Amino acid sequence: MAGYIIRRVLFVVVVLFVVTTLTFFLSAVAPSDPALLWAGPRPKAGQIEKIRKQLGLDKPAYVRYYHYLAGLIRGDLGTSIRTHKPVKEDLKKYYMATLELAVVSMVLSVFIGIPLGVFTAFRRETPADHAGRVFSLLGVALPIFWLGMMFQLLFGIVFDILPINGRVSNIIRFTNPVETRTGVLILDSLIMGNWVALKSALLHIILPSFTLAFASLAYLVRITRSAVIEVMGENYIRTAKAFGISDGLVKYKYALKNALIPVVTVLGIAFAMSLAGSILVESIFDWPGLGRYMWQSIINNDFPSLIGVTLVFAVICCTVNLLVDLLYAFIDRRVKVNKSQEG
Amino acid sequence: MSKILRRGFITLLIAFYICGLAPIAAAKIQNLITVYMYEMKHWDPHIATGDEARVLHNIYETLVIYDDGKLKPKLATSWKQTNDGREWTFTLRKGVKFHNGESFNAVAAKYSLDRVRKMGDGPSWMFEPINEVKVVDEFTIKMICKDPTAVDLIMSSYYGAYMMPPRLTEEKGSDWFQAGNAVGTGPYMLVSYEKDVQTVLKKFDDYWGGWESNQFDLAIYKPVEEAVTAIQLLKRGEMDMIEKVPVNSVPALLSNPDIVAVYSDSVVNEFYNFHMQKPPTDDINVRRAICHAVDLDGLVDNLVGKSGIKGTAPLPVGMFGHNPDLKPFEYNLEKAKQLMAKSKYAEQWRKGELEITVSQWSGITKSYAVYIQSALKKLGIKVVVDTTLWPASEDMFKDKKRCPQMTIQSWWADYATPSGWLKGIWFEDEKLGWNWAYYANPAYEKLINEAMYLEAVDLDKAVSKYKQAQQMLWDDVVMMPLADRRHTVFMRKHIKGFRHLPIYNGAYWIYNLHK
């Protein structure tokens, strides 16, 4: 088991190295002058040259890459050209917001998607099942940014019951500020007993997390449905029923547990989808997280922060996938994680 | 669900509801305004040259402000110059305090003006003509320049002319301010700055201008990434003033009874430069032909709408010195074709081989480019719309060989002077880097330099020289004006007192606003 984990971690390091190299050289090749970005709207001519030297842009790409890698090993992610601050500092500020959003949306996906999948599996070919199918199709087909804007329109304007941007109301942020303990607003306000802020934070997270969850939710419904249907056709289910075990027990103890195995595998992918979707969702809902930071970095070809965020996303994805694989091995005792079965 | 669960759930719901009631009370106590915010790259007022000034000018103040064609006193109550325009004496206002308690006086003024020049950053170039700032007595300073200079205009600048507290600034240094701190003499103090989230300004009780009861106590500046979200926030009342509204969304927005649009003159204009040293636009007949081939009225009506008026000169109509007598190019395709036949590229034109590149950087400028493309198609000139985005495009424009034949440019005033355009753009001096027309005319440059000296001594003579210079640009067909932008703000109708001062582009004088 330990060997497996070590091997997986080494693999992650290789992935990160490839990601860094690719991103670095892509942005080096992209036609855009970071010095101009640093300077701002109306720089004086001499200023640009000065900045270019300061940022080391007068050196060839491979030299810059070497310096960047050297810094990376030391833990220095460079300085953002757009914000003029160390990338590490920027990332620290924003990553908890994205994690909060991603986790909440995963929770929603799982606790709505899986039961819904099970529900439609046990009601095959009924109107409920067809509705479920349409819902899944919508989930994968609808563009996430459109969905976000529609939610804003529907719940923010037409019904006017939910806030449409930010993590917490502006006024409350000022009158009842939340002290940062974990960086997760909901947890922090809960810990500090700041009920006003807690309510605001909970209301604010509803729309963005639903938007983000929608695609993976639909995906999970489909996967769960087919997994449950397949398991229900298995021999051991028929045997259990023949033994007279109650319908409920058969469905939820024997069938579901086995059906969840492929679903758990998919969770890793669904989480990666959440991170990717966060770029758009955070921009629409002005959620101050890594997604929005990544978006601004892309638009401005701010390559240090671009690589920084990509690295963070890569690390998170790899970690989640590793956890999911371990979870998978844990759920299904038949799967042994050892040298001979390494794959 | 069991009874306990259900009861617990209901209790939670009630608790949830009660929690929410407190802040609504808080919001009613204070007069609050929420406005749209642009990114703050620099908080140090002697470095900032961009949208930061929109926020900074509520916190910091200058000696004078330019309003309605006149200079009005702010931190200076009166000023005079010597006859040759080289020495300026300013009398400063008494009883003014900085937010940290320091007093504003001649020492503070000298410190601030020395600092901006010494730092040599962003806006410092405006202050280069000033050689020395002397403290005459506690509330009088004198500025000495080598050449006649319109120092009063410079002191009204939107950038760099702000007064800073000497003791605190020396102690903390620029980095502290850049991190998101601000201490000035203005009506609002900075309470908190959370990047990408919000900036909160609170009223400065000891402000020298005094306070009325219906003014705003608190101003929240909020950045919003998407225009659509900003519009929704305005509709909900969560935001009181926004700007970035796409032209097509305007009618729907204005149909809402709670929202009004306020259009004001600005000193922002948009125009195309013609590359004077690249074929085929190096031939004046071709340039004239292009001007006759584009229906500018149609362009402005369709693409600009109410947010601008057709451009009529190199300067926008809101800028003093604007020449209103320049003869516009009438839309006449026949005349355009005749001019093309006269040009030295007539042969290639007839064969349909002429091609020019038009630049754009997004949104509306892309629409302009496409409009030009279809207009010139009728003339028989092929247009390639360049797709290089900023900042990569700037590299391209500064390279004479790679710069497109028509480059779109948007310009605004750093302070109230036509020289901002006329010298800032069309001088041959490569160092300035904005001359995408590659215009090289020593007679023109001599005229502008003379006008700038005259600004200090005889404004009318200066204006007549500026007008002559514009006529030169017009005769040489150096540029094609598109639109003089009208500054547009969409706001909740309960906000009163909004007046946009053109030189201070995009500034909301929160002090002037009230319910």
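What counts, and where the lines are drawn
- Residues numbered from 1 in each chain as written.
- Chains lettered and ligands numbered in written order.
- Predicted model: local features only at pLDDT ≥ 70, side-chain atom pairs only at ≥ 80, totals over all residues.
- Heavy atoms only, no water.
- Helix = DSSP H or I, 4+ residues; strand = E, 2+ residues; numbered from the N terminus.
- Rg over C-alpha atoms; globule rule 2.2 N^0.38 Å.
- Contact = heavy atoms within 4.5 Å.
- Lys, Arg positive; Asp, Glu negative; His and termini not counted.
- Charge placed at Lys NZ, Arg CZ, Asp CG, Glu CD.
- Axes fitted to C-alpha atoms, helices over the stretch in contact; angles between N-to-C directions.
- Left-handed = near helix turned anticlockwise from the far one by under 90°.
- Nonpolar A, V, L, I, M, F, W, Y, C, P; charged D, E, K, R; others polar.
- Expected span 1.5 Å × (residues − 1).
- Buried < 20%, exposed > 50% of the residue type's maximum accessible area, 1.4 Å probe, protein only.
- Arc of directions from axis to C-beta.
- Pairing = 2+ DSSP bridges.
- Salt bridge = Lys/Arg side-chain N within 4 Å of Asp/Glu carboxyl O.
- Polar contact = N/O pair within 3.5 Å; in protein donor to acceptor, adjacent residues only side chain to side chain.
- Phe/Tyr/Trp six-rings, centres within 6.5 Å; stacked < 30°, edge-to-face > 60°.
- Lys NZ or Arg CZ within 6 Å of the ring centre and 35° of its normal.
- Core = buried A, V, L, I, M, F, W, Y, C linked by side-chain atoms within 4.5 Å.

Participant: Account for the overall build of chain B, naming residues and giving values.
Facilitator: When its secondary structure is counted, chain B shows 17 helices and 17 strands. Compactness check: chain B gives a C-alpha radius of gyration of 26 Å against a globular reference of 24 Å for 515 residues, within 12% of the reference. Restricting to contacts in chain B with at least 6 residues of sequence separation, those with at least 24 account for 70%. Mean positive and mean negative side-chain charge positions of chain B (63 and 62 charges, respectively) differ by 5 Å.

Participant: So, the packing of helix α13 (residues 290-299) of chain A against helix α14 (residues 303-331) of chain A: which residues are in play, and what are the values?
Facilitator: When two helices pack together, their arrangement is given by the angle between the helix axes and the distance between those axes. All names here are of chain A. Direction vectors running N to C along α13 and α14 enclose 145°, while the axes themselves pass 9 Å from each other. Relative to α14, the crossing made by α13 is left-handed. Facing L290, G291, Y293, M294, S297 and I298 of α13, the residues of α14 in contact are S305, L306, V309, T310, V312 and F313. Classifying every residue of the contact of α13 with α14 by side-chain character gives 8 nonpolar, 4 polar and no charged.

Participant: An account of helix α6 (residues 127-141) of chain A is needed here, citing residue identities and associated values.
Facilitator: Residues and elements named next belong to chain A. Helix length check: α6 (15 residues) gives 21 Å between terminal C-alpha atoms against 21 Å at 1.5 Å per residue, within 8%. Taken as a whole, α6 has its buried residues at D129, G132, S136 and G139. Each buried residue of α6 lies within a common arc of 80° when the element is viewed along its axis, so the set occupies one face. Exposed and facing more than 90 degrees away from the buried side of α6 are P127, V134, L137 and A141.

Participant: Hey, could you go over the environment of V15 of chain A for me, with residue numbers and the actual values?
Facilitator: All names here are of chain A. Mapped onto the secondary structure, V15 falls in helix α1 (residues 2-29). You can call V15 partly exposed: its relative accessible area is 27%. Spatially, the C-alpha atoms of V15 and V315 are 9.1 Å apart, while their sequence positions differ by 300 residues.

Participant: Tell me what's going on with the packing of helix α10 (residues 296-304) of chain B against helix α13 (residues 363-379) of chain B, and back it up with residues and numbers.
Facilitator: Residues and elements named next belong to chain B. Between α10 and α13, the shortest axis-to-axis distance is 11 Å and the interhelical angle comes to 145°. Crossing of α10 against α13: the hand is right-handed. Here G298, L299, L303 and V304 of α10 come into contact with α13, specifically with I364, S367, Y368 and Y371. Among the residues forming the contact of α10 with α13, the class breakdown is 6 nonpolar, 2 polar and no charged.

Participant: A description of the sheet that holds strand β5 (residues 87-92) of chain B should follow, citing residues and the corresponding values.
Facilitator: What holds strands together in a sheet is hydrogen bonding between their backbones, with the strands either parallel or antiparallel. Residues and elements named next belong to chain B. Spatially, the 4 strands line up as an open sheet ordered β4-β5-β7-β6, and their pairing is antiparallel. This sheet does not close on itself; its edge strands, each paired only once, are β4 (76-81) and β6 (130-137). In this sheet, neighbouring strand axes are inclined to one another by 20° on average, regardless of whether the strands run parallel or antiparallel. Relative to β5, β4 runs antiparallel, the two being bridged by 5 bridges.

Participant: Summarise the pairing of strand β3 (residues 70-73) of chain B; cite the residues concerned and give the values.
Facilitator: All names here are of chain B. The pairing of strand β2 (residues 64-67) with β3 spans 4 bridges and is antiparallel. Looking across to β3, one finds that V64 is bridged to P73. Between β2 and β3, which follow one another and run antiparallel, lie 2 residues, and D68 among them has a positive phi close to 60°.

Participant: Go over the environment of M239 of chain B, please, and point to the residues and values.
Facilitator: Residue and element names in this part refer to chain B. Within the element layout of this structure, M239 appears in the loop between α7 (227-236) and β11 (241-242). Accessibility expressed as a relative area gives 0% for M239, which makes it buried. With 201 residues separating them along the chain, M239 and A440 place their C-alpha atoms 48 Å apart. The residues touching M239, leaving out its near neighbours within four places in the chain, are T34, V35, Y36, K222, V224, L233, L234 and R492.

Participant: Just give me the short version of the pattern of salt bridges, but keep the residues and values in it.
Facilitator: If you walk through the whole model with that rule in mind, you get 33 salt bridges over all chains. A salt bridge links E125 of chain A to R133 of chain A; the nearest nitrogen and oxygen atoms lie 3.9 Å apart. For E125 of chain A, a relative accessible area of 49% puts it in the partly exposed group. Taking relative accessible area as the criterion, R133 of chain A reaches 32% and is therefore assigned partly exposed. Across the pair D160 of chain A and R236 of chain B runs a salt bridge whose closest N-O atoms are separated by 2.9 Å. Highlighted residues: D160 of chain A in the loop between α7 (144-158) and α8 (170-175) and R236 of chain B in helix α7, drawn from two different chains. Judged by its relative accessible area of 47%, D160 of chain A falls in the partly exposed class. Each of D286 and R292 of chain A together with E39, K195 and D196 of chain B takes part in one network of salt bridges that share partners.

Participant: Let's hear about helix α17 (residues 459-475) of chain B: which residues, and what values?
Facilitator: Because an α-helix completes one turn every 3.6 residues, residues spaced three or four positions apart along the sequence face the same direction. All names here are of chain B. Across its 17 residues, α17 extends 24 Å between first and last C-alpha, which sits within 8% of the 24 Å expected from 1.5 Å per residue. Regarding α17, the residues found buried are A462, V463, Y466, A469, Q470, L473 and W474. Buried residues of α17, viewed axially, fall in a sector of 145°; they line one side. Residues of α17 that are buried make contact with α15 (419-422), α16 (442-457) and β17 (479-492).

Participant: Break down the side chain of T62 of chain B for me, citing the residues and quoting the values.
Facilitator: All names here are of chain B. Mapped onto the elements of the fold, T62 is located in the loop between α3 (52-59) and β2. A distance of 2.8 Å separates the side chain of T62 from the backbone oxygen of V64, its partner in a polar contact. T62 has contacts with K74, L75, M155, S157, A161 and Y162, leaving out every residue within four places of it along the chain.

Participant: Hey, could you go over the packing of aromatic side chains for me, with residue numbers and the actual values?
Facilitator: In the structure shown here, the tally under the stated rule is 33 aromatic pairs over all chains. Arranged with centres 4.9 Å apart and planes meeting at 65°, the rings of W43 of chain B and Y193 of chain B form a pair that is edge-to-face. Of this pair, W43 of chain B sits in the loop between β1 (32-36) and α3 while Y193 of chain B sits in strand β8 (residues 188-194), placing them 150 residues apart in sequence. You can call W43 of chain B buried: its relative accessible area is 1%. Here the aromatic rings of W79 of chain B and F90 of chain B are separated by 6.3 Å at their centres, their planes lie at 20°, and the arrangement is stacked. Residue W79 of chain B is located in strand β4, and its partner F90 of chain B is located in strand β5; the two are separated by 11 residues in the primary sequence. Note on F90 of chain B: relative accessible area 0%, which makes it buried. Following the ring pairs from residue to residue traces out a cluster consisting of F24, F25, Y65, Y68 and F303 of chain A. A cation over an aromatic ring shows up here: R54 of chain B above the ring of Y38 of chain B, its NZ or CZ 4.0 Å from the ring centre. Positioned over the ring face of W434 of chain B is K398 of chain B, at 5.4 Å from the centre of the ring.

Participant: Quick rundown of the side chain of R492 of chain B? Include the residues and the values.
Facilitator: Within the element layout of this structure, R492 of chain B appears in strand β17. Ignoring sequence-local partners within four residues, the contact set of R492 of chain B consists of L234, K235, R236, G237, M239, D240, D258 and I259 of chain B.

Participant: I'd like a description of the nonpolar core, backed by residues and values.
Facilitator: Within the largest apolar cluster, 110 residues are counted, with the highest numbers of intra-cluster contacts made by L63, M155, W421 and W426 of chain B. Listed in part, the 56 residues of the second largest apolar core include L77, V228, L267 and V309 of chain A.

Participant: Mind laying out unusual backbone geometry, listing which residues take part and the relevant values?
Facilitator: Looking along the chain, the bond that leaves P279 of chain B and enters P280 of chain B is cis, with omega of -10°. By secondary structure assignment, the location of P280 of chain B is in the loop between β12 (259-274) and α9 (284-293). Positive phi is not limited to glycine here, since D286 of chain A has a value of about 50°. By the secondary structure assignment, D286 of chain A is in the loop between α12 (247-285) and α13. Phi is positive for Y438 of chain B, close to 50°, though the residue is something other than glycine. Tracing the sequence through the fold places Y438 of chain B in the loop between α15 and α16. Taking relative accessible area as the criterion, Y438 of chain B reaches 12% and is therefore assigned buried.

Keep in mind that these numbers describe shape and distance, not what the molecule does.
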